[in-house]
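So you can see what is in the structure, the chains are spelled out below.
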Amino acid sequence: MVLLADLAADARVRPPGCRVVVDLRLLQESERAPITAAYLRSLMASYAAHALPGEDFVPVLRRLRPDPTPAMEAAGLHIATRRWLPPTARPLRSLGLPLDALLLRAAELRIRPAGSSAGMVFHTAGGAMPARSRLPVVATLLDMAPWELPESYARTAAARVGHRSRTAGLRRASRIIVASHASADALVRLVDVDRERVAVVPLAADDAFVAGAPDRALWQQLRDRYRIPERYLVV
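Residues numbered from 1 in each chain as written. Predicted model: local features only at pLDDT ≥ 70, side-chain atom pairs only at ≥ 80, totals over all residues. Heavy atoms only, no water.

K.L.:
How should helix 3 (residues 34-49) be read in this particular structure?
P.N.:
In an α-helix, one full turn covers 3.6 residues, which means residues spaced three or four apart are oriented alike. For helix 3, built from 16 residues, the straight-helix expectation of 22 Å at 1.5 Å per residue is met to within 8% by its first-to-last C-alpha distance of 22 Å. Residues of helix 3 that are buried: Thr36, Ala37, Tyr39, Leu40, Leu43, Met44 and Ala48. Looking down the long axis of helix 3, one finds its buried residues gathered within 165 degrees of arc, a one-sided arrangement. In helix 3, those exposed residues whose orientation departs by more than 90 degrees from the buried face are Pro34, Ile35 and Ala49. Tucked into the core, helix 3 has its buried residues touching strand 1 (19-23), helix 2 (25-28), strand 2 (56-62), helix 4 (69-74), strand 4 (120-124) and strand 5 (137-140). (Helix = DSSP H or I, 4+ residues; strand = E, 2+ residues; numbered from the N terminus. Expected span 1.5 Å × (residues − 1). Buried < 20%, exposed > 50% of the residue type's maximum accessible area, 1.4 Å probe, protein only. Arc of directions from axis to C-beta. Contact = heavy atoms within 4.5 Å.)

K.L.:
Would you mind going over the side chain of aspartate 23 with me for this structure?
P.N.:
With respect to the helices and strands, aspartate 23 occurs in strand 1. A relative accessible area of 6% places aspartate 23 in the buried class. Within the local environment of aspartate 23, its side chain forms a polar contact with the side chain of arginine 25, the two groups lying 2.8 Å apart. Beyond its immediate chain neighbours, meaning those up to four positions away, aspartate 23 contacts Leu40, Val60, Leu104, His123, Thr124 and Ala128. (Polar contact = N/O pair within 3.5 Å; in protein donor to acceptor, adjacent residues only side chain to side chain.)

K.L.:
Could you clarify how one ought to interpret the pattern of salt bridges in this entry?
P.N.:
Where charged atoms from two side chains of opposite charge come close, those side chains can pair. Applying the stated criterion to the full structure yields 10 salt bridges. Note that glutamate 29 is salt-bridged to arginine 32, the shortest N-O span being 3.1 Å. For arginine 82, the salt bridge is made with glutamate 73, and the minimal N-O distance between the two is 2.8 Å. Note on arginine 82: relative accessible area 23%, which makes it partly exposed. A single network of salt bridges, built from pairs that share partners, joins Glu29, Arg32, Arg62 and Arg65. (Salt bridge = Lys/Arg side-chain N within 4 Å of Asp/Glu carboxyl O.)

K.L.:
Whenever I open this one, the packing of aromatic side chains confuses me. Can you help?
P.N.:
The description of an aromatic ring pair uses the distance of the two centres, along with the angle that the planes make with each other. Enumeration according to the criterion identifies 1 aromatic pair in this entry. Relative to phenylalanine 57, the ring of tyrosine 47 lies with its centre 4.8 Å away and its plane at 50 degrees, an arrangement referred to as tilted. Placement of the pair is tyrosine 47 in helix 3 and phenylalanine 57 in strand 2, with a sequence separation of 10 residues. On the basis of relative accessible area, tyrosine 47 is assigned to the partly exposed category, the value being 24%. (Phe/Tyr/Trp six-rings, centres within 6.5 Å; stacked < 30°, edge-to-face > 60°.)

K.L.:
What should I look at first to understand a nonpolar patch on the surface in this one?
P.N.:
Where nonpolar side chains cluster on the molecular surface, the patch consists of Leu218, Trp219, Leu222, Tyr226, Ile228, Tyr232 and Val234 and spans about 690 Å² of accessible area. When you line up the elements, tyrosine 226 lands in helix 11 (residues 216-226). Of the residues examined, tyrosine 226 reaches a relative accessible area of 53% and is grouped as exposed. (Patch = residues over 30% accessible without salt bridge, like charges linked within 9 Å, V, L, I, M, F, W, Y side chains within 5 Å. Areas by Shrake-Rupley, 256 points an atom, 1.4 Å probe, with all protein chains shown as cover.)

K.L.:
Please explain the pairing of strand 4 as it appears in this structure.
P.N.:
If a strand is regular, its side chains alternate between the two faces of the sheet. With 5 of 5 residues buried, strand 4 lies mostly within the body of the structure. Side chains Met120, Phe122 and Thr124 project from strand 4 onto one buried face, and the interleaved Val121 and His123 project onto a second face that is buried too. Looking at chain direction, strand 1 and strand 4 are connected through 4 bridges and run parallel. Bridging across to strand 4, valine 21 finds its partner in phenylalanine 122. Bridging between strand 4 and strand 5 involves 3 bridges; their strand directions are parallel. Paired with threonine 124 across the two strands is alanine 139, which belongs to strand 5. (Pairing = 2+ DSSP bridges.)

Shown next as structure tokens:
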């Protein structure tokens, strides 16, 4: 029998952290993929707020763009070093993805685990993944549209090259994070990856949706505007 006290004691034992090589280039050009950029921003803020012993980060950044990481350091994120890459994917469009994969592979070279960490991992959420990485790759996939609508996303020869590069990277990934069970099912069916390598982590509500004190005057104004009765159900 497991006692409640035993579970409480285990909860206080935190696992050792690791060194995370993380692609943050979309934070420098958030207009390209605003949902992914918002995900990365919240993810890094969460890391900064709940650091593990031995955990630190090696952000991969694009040259000639503002560096978003000093603010993260000020918030408590431990950054070991930075890796800077030239712009590739945007000027070359889909043909830039295979080249990007090679540059990401080069970015992880000569990076070693910290002495107090549990190892290293490469985390990406932007679609590009390192070619034949020597590290376990964790990929967050927030959009299945390229695989569900190939007639729109892989219409040209260049787009098909980029699409194959993304697909190959996902198939090599050690772990793929998706936001719903529907996305997990689509990933297994359309990309042909093992279900055991897919983790479903639902997205949390943004801070803008945190419940605040009720503004009864505003409620009355909205009810009057939309003719909502005193009792109603929102679905």
